[in-house]
Amino acid sequence: MSPDVEPLGQLRRTHTAGELTAADTGKDVVLLGWVHRVRDLGALVFFDVRDRHGVTQVVGRDDHPGAADAAKRLRPEFVVAVQGRVEKRSKEAVNPKIRTGEIEVVARDIRLLNDAKTPPFPINEESNVSEETRLRYRYLDLRRPKLQQNLILRHKAAFAVRRYFDEQGFLEIETPILTKSTPEGARDYLVPSRVHPGEFYALPQSPQIFKQILMISGLDRYFQIVKCFRDEDLRADRQPEFTQVDLEISFATESLVFSILEPLMGRLMALIGRDAPAPFRRMPYAEAIAKYGSDKPDLRVGMELKDLSEPFGSSEFAVFRNAIAKGGEVRGFVVPNAARYSRKELDQINDEVKQLGGAGVVWARRAEATVQSSGLKAAGEEVIRRALELAGAGPADLLLLAAGPHAPTARLLGALRLSIAKRENLLDPNRYEFLWVVDFPMFEWLEEQNRWEFMHHPFTAPLESDANRLESDPGSVRARAYDMVLNGSEIGGGSIRIHDQRLQRLIFKLLGMSDEEAKLRFGFFVDALEYGTPPHGGIALGLDRIIAILAGEQSIREVIAFPKTAQAVDLMAGAPSLVDARQLRELRIKAGE
């Protein structure tokens, strides 16, 4: 039989469950919250009351028999109101791990505000629960202290962002959620219009065009914490809806954008007691690929990739020699203190390279007066020794090499570098390395479609020094684009925009877009450019990813209140779902087969 549920009445909380200390001894208090755990010792019943601020131990004793009897009927996750007096715990009962650990509340009255079913997983302990179960019962998952702390951190970060940009003279301006479809690389989510049958709105992938319009409008400095939507192919740590800190600045240069963003990151890092020393390091895209095989390199570990082609160009090692002859190169990196690897471990690395899409990897190491290498027989001892010297490998180190075209080889080794760094615990979780990656290529060539595509978006300006090659050699043109990288994650991307309508038309033309198509997709924006557009630029920061890094979480789902699965499903709400036939008729839509 369920216990009787009582009304809250006029009771008001006097203290949270996380604030009482020994200084409050003797006070009469009212606590409101959930029962965290219960320990029935017969004459005494101890239970913890929990709210988002913490937990407080409550005791039901025989000197208050009504409270003691009520305490015996409590179960985890019941909702209670407790009236009682604060007393110090005995020395042996003090819990130094929590703020309230020196005291307990002796209950005078316990009011049951609601009972609860037994949860499908324990709230009061950090047990392993499948993600599917957690997301299906997200309202229970959110009661767990770790998730609540993540959301509190997210609130503080958003508040710090707003306060900072207000100080810097930015205006927070909302841009439309129902807008025109202007695909930026991913698919749009489309919303049918009832009053305009057959026509659709799109949910924005970003506020890109609108924030540039705001600069044309003379609003000078804009920011927004904004929801964006992308119907992307499934990835483990992507969400169909995500949040970004969006901003745009008139009369901007790269240095101005950097000088505004770096102090903001300092404030966000301060939320976890860390620094973000400015200025951040800047690295051209080409250098990032060459040294780290990634345009978002993790700088917490060295292991830089190096060009080791020289000793192999005329060697007997045909695979490497031929790769160089075809315009490729031999690149490699040193794994510190890894000469100890067994042959089995080295074979596993080679298998991993093949899983990454490579043909394999050559390893080399010193062995007393000689050298060892999987390429020793093919290349010879002197060539391997020279490669070890060029790479700077010490007696305890391991050298890994691969050959082929520059970018694919670098990216392959870059992925292997990160994998080994994680396996060797070389990525210090308490170290934070910021980086600006700059000078991205303006375009990338789509072989299957036989055309150029923008690397960032079609409103990014070229470097002034490269603009004269737009028509003659577009592949060599670099963009005034920049990414902010933190510990190997891209947490923001932006650029200086095109403000000259003639240049914008040329970019559309290079992308294979006719004047009619450009007008159809971006007509109002193209028109607006002709009315005195100032130079401008901006950036969008991924708030979900930033909070995940600050919270020490691997997945952004751990810092979003109601995330979706990797299959873009909301297990709690049951979305997406079928809709009523009447709604479809009103929208003049026929459901697919």
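The structure this text deals with has already been given above.
Residues numbered from 1 in each chain as written. Predicted model: local features only at pLDDT ≥ 70, side-chain atom pairs only at ≥ 80, totals over all residues. Heavy atoms only, no water.

Another aspect to go through is the overall build of the protein chain. Across its full length, the protein chain carries 16 helices and 22 strands. Expressed as a percentage of the 593 residues in the protein chain, the buried residues total 50%. The contacts in the protein chain between residues at least 6 apart in sequence include a share of 67% that link residues at least 24 apart. A total of about 29,700 Å² of accessible surface is found on the protein chain, and carbon and sulfur atoms cover 50% of it. Across the protein chain, 81 positive and 85 negative side-chain charges occur, with their mean positions spaced 3 Å apart. (Helix = DSSP H or I, 4+ residues; strand = E, 2+ residues; numbered from the N terminus. Buried < 20%, exposed > 50% of the residue type's maximum accessible area, 1.4 Å probe, protein only. Contact = heavy atoms within 4.5 Å. Areas by Shrake-Rupley, 256 points an atom, 1.4 Å probe, with all protein chains shown as cover. Lys, Arg positive; Asp, Glu negative; His and termini not counted. Charge placed at Lys NZ, Arg CZ, Asp CG, Glu CD.)

Most of strand 9 (residues 221–229) sits inside the fold, with 8 of its 9 residues counted as buried. The sheet contact formed by strand 6 (residues 171–172) and strand 9 spans 2 bridges and is parallel. Within the sheet, the bridge partner assigned to E172 lies in strand 9 and is F223. Sheet topology places strand 9 next to strand 10 (residues 241–250); 9 bridges connect them, and they run antiparallel. Each bridged residue has a counterpart across the sheet, and for V226 the counterpart in strand 10 is Q244. (Pairing = 2+ DSSP bridges.)

This paragraph deals with the packing of aromatic side chains. A full pass over the atoms with the stated rule returns 19 aromatic pairs. Through a chain of ring-to-ring contacts, the aromatic side chains of Y164, F165, F170 and F223 assemble into a single cluster. (Phe/Tyr/Trp six-rings, centres within 6.5 Å; stacked < 30°, edge-to-face > 60°.)

What follows deals with the sheet that holds strand 4 (residues 79–88). Pairing within the closed barrel is mixed, and its 5 strands lie in the order 1-2-3-5-4. For this sheet, the mean angle separating the axes of adjacent strands, direction not counted, is 55 degrees. As paired elements, strand 3 (residues 54–60) and strand 5 (residues 103–114) share 2 bridges and run parallel to each other. Residue pairing for strand 5: V59 is matched across the bridge by V106. Here helix 1 (residues 65–72) sits on the sheet and contacts strand 1 (28–40), strand 2 (45–51), strand 3 and strand 5; the angle it forms with strand 5, its principal contact strand, is near 65 degrees. (Axes fitted to C-alpha atoms, helices over the stretch in contact; angles between N-to-C directions.)

Trans is the prevailing form of peptide bonds, just as negative phi is the prevailing case for residues other than glycine. P279 follows A278 through a cis peptide bond whose omega is 0 degrees. Mapped onto the fold, P279 is located in the loop between helix 6 (254–270) and strand 11 (281–284). Within the chain, D439 stands out as a residue other than glycine whose phi angle is a positive 55 degrees. Within the secondary structure, D439 sits in the loop between strand 17 (434–438) and strand 18 (443–446). Overall, the relative accessible area of 23% leaves D439 in the partly exposed class. Although it is not a glycine, A568 sits at a positive phi angle of roughly 60 degrees. Inspection of the secondary structure puts A568 in the loop between helix 15 (543–551) and helix 16 (581–587).

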